[in-house]
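Residues per chain, in single letters:
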Amino acid sequence: NYSEQVWSTAQPMIQLMNRQLPYTSDTAAVNFFNAALTIMTEIRAVSGGDQCHRFANPNESDLVHTQGVVSDSTREIYMNAIAEVIKYAAIDPQPVPLDEEIAETWDPLISEFSVVWAEDMWMMGVPEDPAVDKNVYCAMLIDYYQRLLDLPTDQSGRILRWLVTPEEIEGSVDTVTVDDT
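Now for a look at the structure at hand. Fair warning: this is a prediction, and the values are worked out from it, not measured in the lab.

About the cut-offs
Residues numbered from 1 in each chain as written. Predicted model: local features only at pLDDT ≥ 70, side-chain atom pairs only at ≥ 80, totals over all residues. Heavy atoms only, no water. Helix = DSSP H or I, 4+ residues; strand = E, 2+ residues; numbered from the N terminus. Expected span 1.5 Å × (residues − 1). Buried < 20%, exposed > 50% of the residue type's maximum accessible area, 1.4 Å probe, protein only. Axes fitted to C-alpha atoms, helices over the stretch in contact; angles between N-to-C directions. Parallel < 35°, antiparallel > 145°, perpendicular 65-115°, else oblique. Left-handed = near helix turned anticlockwise from the far one by under 90°. Contact = heavy atoms within 4.5 Å. Nonpolar A, V, L, I, M, F, W, Y, C, P; charged D, E, K, R; others polar. Salt bridge = Lys/Arg side-chain N within 4 Å of Asp/Glu carboxyl O. Phe/Tyr/Trp six-rings, centres within 6.5 Å; stacked < 30°, edge-to-face > 60°.

## Examining helix α5 (residues 72–91)
- Here α5 spans 28 Å end to end across 20 residues, near enough to the 28 Å set by a 1.5 Å rise per residue.
- Three or more residues of α5 are buried, namely Thr74, Arg75, Tyr78, Met79, Ala81, Ile82, Val85, Ile86, Ala89 and Ala90.

## Some points on the packing of helix α3 (residues 26–47) against helix α8 (residues 134–149)
- Here α3 crosses α8 at 150 degrees, and the two axes come no closer than 10 Å. What the angle tells us is that α3 and α8 run roughly antiparallel. The interaxial crossing formed by α3 with α8 has left-handed handedness. From α3, Val30, Phe33, Asn34, Leu37, Met40, Thr41 and Arg44 reach across to α8, where they touch Asn135, Cys138, Ala139, Leu141, Ile142, Tyr145, Gln146 and Leu149.
- Class assignment of the residues belonging to the contact of α3 with α8 gives a composition of ten nonpolar, four polar and one charged.

## Considering the pattern of salt bridges
- Counted according to the given criterion, the structure contains four salt bridges.
- Across the pair Asp26 and Arg161 runs a salt bridge whose closest N-O atoms are separated by 2.8 Å. Residue Asp26 is located in helix α3, and its partner Arg161 is located in helix α9 (residues 153–163); the two are separated by 135 residues in the primary sequence.
- Assessed through its relative accessible area of 4%, Arg161 is described here as buried.
- Where Asp143 meets Arg147, a salt bridge forms, and the shortest distance between an N and an O atom there is 2.9 Å.

## Notes on the packing of aromatic side chains
- Applying the stated rule across the entire model yields nine aromatic pairs.
- Ring centres of Trp106 and Tyr144 lie 6.3 Å apart, and the angle between their planes is 85 degrees; this geometry places the pair in the edge-to-face category. Separated by 38 residues along the polypeptide, Trp106 in helix α6 (residues 99–116) and Tyr144 in helix α8 bring together distant segments of the chain.
- The class for Tyr144 is buried, based on a relative accessible area of 9%.

## Let's talk about the packing of α3 against helix α4 (residues 49–56)
- It is the contact of α3 with α4, at a shortest axis distance of 7 Å, that shows an interaxial angle of 155 degrees. By the angle class used here, α3 and α4 are roughly antiparallel. Crossing angle aside, the handedness with which α3 passes α4 is right-handed. Side by side, α3 and α4 meet where Ala36, Ile39, Met40, Ile43, Arg44 and Ser47 of the first sit next to Gly49, Gln51, Cys52, Phe55 and Ala56 of the second.
- When its residues are assigned to classes, the contact of α3 with α4 shows seven nonpolar, three polar and one charged.

Function cannot be read off these values alone, since they describe shape.
Structure (structure tokens):
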């Protein structure tokens, strides 16, 4: 199936996108996380927590096969969102958001989330721990991203880009060039 072949070759694009996500536009970041949230929700509804957990925490060579689980239109939206992240990081790289730029929005949001998920939050830090209840983990992750995506795009985009920024590159600009011809 052509759709599955395209999907299975996505891994290099996803790896590039992960490196570019901190520098993309807020809108591209929000679009990507909305698409990923839709996939996690569809996977969890059809296949449960194990597949959802694998999608959210893939091994280097592991790409969850989604045919029959995630709609073709959702997969297309996801692939387009990945391309959008890469494109906007290349043509108009944004500075990595600083702690002080997101604190006013982030602090109350994470405090509220912590109250709801208090006894399960430890799983966020060690998703591969054998003791993780994968269904609870996915429910929590879906709730986490939904709360972020419910914010206005400029706020959620900054927080999402800040969340995915590795500590060693905070404040730097590391982008790729895309020939847009």
